[in-house]
Amino acid sequence: MALGIGIVGLPNVGKSTLFNALTRAQNAEAANYPFCTIEPNKAIVPVPDARLAELARIVSPERVVAATVEFVDIAGLVRGASTGEGLGNQFLGHIRETAAIVHVVRCFDDPNVIHVDGSVDPVRDVEVIETELVLADLQAVENRIERLGRKARGDKDAVVQLEAAKRLVAHLSDGKPAIAFPDRGAPGAAELFAEVGLITSKPVIYCANVDEGALADDNAHVAALRAWAAPRKAHVVKISAKVEAELVGLEENERAELLAAYGATESGIEQVIREGYAILGLVSYFTAGEKEVRAWTIERGWKAPRAASVIHTDFEKGFIRAEVMSFADYVAHRGEAGCRSAGVFRVEGKDYVVADGDVMHFRFNV
């Protein structure tokens, strides 16, 4: 399972600079003018997880494979994007393909970096983007209503979905995102959400892009963004795209020293990925052997057969049992043999709910 996150925001807020840092490669053009990114840049990024290194020290595998996140750098949106301004329709289509959104918000002052609206105002900037996303969803649902109206004449399910779509249009028309729609799990609405791919139904991480001086302590722009986000229970991560670019290629000890110099304890990359996992309800389990130590991403609450399917669908179809050790036990007893001796090696059936950090072997037959 790959986690897809779209990076959005106004032009010139640091999205491409952040993307370059996230991918550890300067493969997204960063320039001081709007629309320097036209086609979406995509890259697969390993998920930082210190547990993999601990497992590798015990097993000494041929290779270590981390879980991954796909980041999509989407060109800057502007007022009117929902109606095609600034190539907006094309860019909005790219957002629909992602599971979550990182909304980069400019929270630094620099007269040498152009702002499309002439001044820095993070709350205004967020509301500009969110208005365009809501309007795009409104247009998509209104288009669906036209089709459902024709279909509803002889289809009871279409009638139910049509009524749900009309309620959703009223909700979106009030400027509210689809994720806040109170009836989203009701009959008709659930199908509508799944089929239309509503942008504002996706969870959002607000990424406050600051200068180096504000990494340790919030500046006024970050404070304003946090105050706006708090009543909405929205996630805010503070990051300096410029500092992240400086971290590219450094050894771990050098990275730690540089972060400490700016008053930070972890990189913005790690914060964004951790928050992405949290808002999507994702966890990782591990497989460990001589050939490979690997992290696998699943949704929290998945049972063993479904968790096995991310390795191969045959594992789920022919599931017999799971052999399980917690990460803590595996490390404490120095591997599988130690876990067996200590009596903490467990055999679990198809109803076992996989926990974050489980070290697992699956037995199957097809």
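Everything quoted here is computed from the prediction, not taken from an experiment. (Residues numbered from 1 in each chain as written. Predicted model: local features only at pLDDT ≥ 70, side-chain atom pairs only at ≥ 80, totals over all residues. Heavy atoms only, no water.)

Colleague: Can you help me understand the packing of helix H4 (residues 122-151) against helix H5 (residues 156-173) in this one?
Modeller: Each packed pair of helices is defined by two parameters, the angle between the axes and the distance between the axes. At a closest axis distance of 9 Å, the pairing of H4 and H5 adopts a crossing angle of 155 degrees. By the angle class used here, H4 and H5 are roughly antiparallel. In terms of crossing hand, the pair formed by H4 and H5 is left-handed. Listed contacts from H5 to Val 134, Asp 137, Leu 138, Val 141, Glu 142, Arg 144, Ile 145, Leu 148, Gly 149 and Lys 151 of H4 are Ala 158, Gln 161, Leu 162, Ala 165, Lys 166, Leu 168, Val 169, Leu 172 and Ser 173. Taken together, the residues of the contact of H4 with H5 sort by class into eleven nonpolar, three polar and five charged. (Axes fitted to C-alpha atoms, helices over the stretch in contact; angles between N-to-C directions. Helix = DSSP H or I, 4+ residues; strand = E, 2+ residues; numbered from the N terminus. Parallel < 35°, antiparallel > 145°, perpendicular 65-115°, else oblique. Left-handed = near helix turned anticlockwise from the far one by under 90°. Contact = heavy atoms within 4.5 Å. Nonpolar A, V, L, I, M, F, W, Y, C, P; charged D, E, K, R; others polar.)

Colleague: Where do I start with the packing of aromatic side chains in this structure?
Modeller: Two aromatic rings, taken as a pair, are described by how far apart their centres are and by the angle between their planes. Considering all chains together, one arrives at seven aromatic pairs under this definition. Ring geometry for Tyr 285 and Phe 362: centres 5.8 Å apart, planes at 80 degrees, overall edge-to-face. Note that Tyr 285 is positioned in strand S8 (residues 282-288) and Phe 362 in strand S12 (residues 359-364), a separation of 77 residues in sequence. The pair formed by Tyr 285 and Phe 362 is uniform in burial state, with each residue classed as buried. (Phe/Tyr/Trp six-rings, centres within 6.5 Å; stacked < 30°, edge-to-face > 60°. Buried < 20%, exposed > 50% of the residue type's maximum accessible area, 1.4 Å probe, protein only.)

Colleague: What's the story with helix H6 (residues 189-196) in this structure? I'm lost.
Modeller: In an α-helix there are 3.6 residues to a turn, and that puts residues three or four apart on one side. Taken together, the buried positions of H6 are Ala 189, Leu 192, Phe 193 and Val 196. What you see down the axis of H6 is that its buried residues fit within an arc of 95 degrees, all on one side. Tucked inside the fold, the buried residues of H6 contact H4 and H5. Phi for Gly 197, located one or two positions after H6, is positive at around 70 degrees. (Arc of directions from axis to C-beta.)

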